[in-house]
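Chains, contacts and geometry: an overview
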Amino acid sequence: MIRENEKTKQGKDTTVKEYNDRIIALSVENSKLKEKIRGKYKPKKNIVLSKTSGVSDPKVLCVTKNPADVLIKGYNIYFLTDLEELNKKIYTETVFDQIWYIRSGLTHADLIKVAEKYANQKILQARDWKALQKKLQGGDRL
């Protein structure tokens, strides 16, 4: 009976060791997969939009949910990510040369709010940053 007890104990110890080894292996595999995913889904490339002529940079109000995706040279950009801030001083007193509206993440009701606020200005609408680039510069250049 003592021998059977020791065999059972050794079997349990072996099983526990196998499970621990498997947990460690899965943990290592999990970290490798996370690294692979991080490598695959790096932040988007910065899309550089730049004006072609003019003395001063045009003031642009850009209504978007994700302003960090783009690096813009040649424009003085005011990013509006929360439409509750639309009535703040900076957006009511500043005269904008252009209004950009990036639809990604926003609703049609949001567009109506912006259009009512800036009724006398043309709003350049785009699906995303790439579409905006096409509208501004013409073409598919990144």
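Per-chain numbering applies: the sequence of each chain, read as written, is numbered from 1 onward. Note on the predicted model: pLDDT of at least 70 is required for a residue's local features to be given, and 80 or more for side-chain atom pairs to be given and counted; whole-chain, interface and lining totals, by contrast, use all residues. Each side-chain value is derived from all of the structure's non-hydrogen atoms; neither hydrogens nor water enter the calculation.

Examining the side chain of Thr-64
Counting through the fold element by element, Thr-64 comes out in the loop between strand 2 (59-63) and strand 3 (70-72). Classification of Thr-64 by relative accessible area gives buried; the value is 0%. Whether two residues are in contact is decided by their heavy atoms, any of which lying within 4.5 Å being enough. Leaving out residues up to four positions away in the same chain, Thr-64 has contacts with Phe-79, Leu-80, Thr-81, Ile-102, Leu-106 and Trp-129. Helix numbers and strand numbers start at the N terminus; a helix is a DSSP run of H or I with at least 4 residues, a strand a run of E with at least 2. Note on classification: 1.4 Å probe, protein chains only; a residue is buried when its accessible area is under 20% of the maximum for its type, exposed when over 50%, partly exposed between these limits.

Points about the sheet that holds strand 6 (residues 123-126)
Each strand in a sheet pairs with its neighbour through backbone hydrogen bonds, running either in the same direction (parallel) or in the opposite one (antiparallel). For two strands to be treated as a pair, DSSP must find no fewer than two bridges joining them. A sheet is described by the order of its strands in space; here 4 strands give the open sequence 4-2-5-6, paired in parallel fashion. Strand pairing shows two members of the sheet lacking a second neighbour, strand 4 (76-80) and strand 6, which therefore form its edges. Averaged over all pairs of adjacent strands, the angle between their axes in this sheet comes to 25 degrees, without regard to strand direction. Relative to strand 4, strand 2 runs parallel, the two sharing 5 bridges. From the neighbouring strand, Cys-62 faces strand 4, where its bridge partner is Phe-79. Lines fitted to C-alpha atoms define the axes, with helix axes restricted to the stretch in contact, and inter-axis angles between N-to-C directions lie between 0 and 180 degrees. Sheet contacts for helix 3 (residues 108-117): strand 2, strand 5 (98-102) and strand 6; angle to strand 5, the most-contacted strand, approximately 175 degrees. Set on the sheet, helix 4 (residues 129-137) makes contact with strand 2, strand 4, strand 5 and strand 6; between it and strand 6 the angle comes to about 130 degrees.

Some remarks on the pattern of salt bridges
Any carboxyl oxygen of Asp or Glu that lies within 4 Å of a side-chain nitrogen of Lys or Arg is treated as forming a salt bridge with it. By the definition in use, this model includes 3 salt bridges. Of the charged contacts in the structure, one is a salt bridge between Lys-17 and Asp-21, with a shortest N-O distance of 3.3 Å. Remark: Asp-21 and Lys-17 occur in helix 1 (residues 2-40); sequence separation between them is 4 residues, near one turn of the helix. Arg-127 is paired through a salt bridge with Asp-128; the nearest N and O atoms lie 3.8 Å apart. Its relative accessible area of 27% is what places Asp-128 among the partly exposed residues.

Regarding the side chain of Asp-110
Note on placement: Asp-110 falls in helix 3. His residues and chain termini do not enter the charge count, which takes Lys and Arg as positive and Asp and Glu as negative. In this structure Asp-110 is buried but unpaired, with Lys-113 as the nearest side chain of opposite charge at 4.3 Å. With residues up to four places along the chain from it excluded, the contact list for Asp-110 reads Leu-83 and Tyr-101.

Overview of helix 3
Turning to helix 3, its buried residues number three or more, namely Asp-110, Leu-111 and Val-114. Down the axis, helix 3 shows its buried residues gathered within 100 degrees of arc, on one side only. The outward face of helix 3, more than 90 degrees from its buried face, is lined by the exposed residues His-108 and Glu-116. Buried residues in helix 3 make contact with strand 2, strand 5 and strand 6. Taking the helix axis as origin, the arc is that swept by the directions to the C-beta atoms.

Re the packing of aromatic side chains
Centres within 6.5 Å are what make two rings of Phe, Tyr or Trp a pair, Trp counting through its six-membered ring; a difference in plane orientation under 30 degrees is then read as stacked, over 60 as edge-to-face, and the rest as tilted. In total, this model carries 3 aromatic pairs according to the counting rule given. Aromatic pair Tyr-78 and Phe-96: ring centres 5.3 Å apart, planes at 75 degrees, arrangement edge-to-face. Here Tyr-78 is found in strand 4, whereas its partner Phe-96 is found in the loop between helix 2 (89-93) and strand 5, with 18 residues between them in sequence. Accessibility classification places Tyr-78 together with Phe-96 in one group, the buried group. A ring pair is formed by Phe-79 and Trp-129, whose centres lie 6.4 Å apart and whose planes are at 70 degrees; its orientation type is edge-to-face. In this pair, Phe-79 is assigned in strand 4 and Trp-129 in helix 4, connecting sequence segments 50 residues apart. With relative accessibility at 5%, the residue Trp-129 sits in the buried group. Aromatic rings pair up to connect Tyr-78, Phe-96 and Tyr-118 into one cluster.

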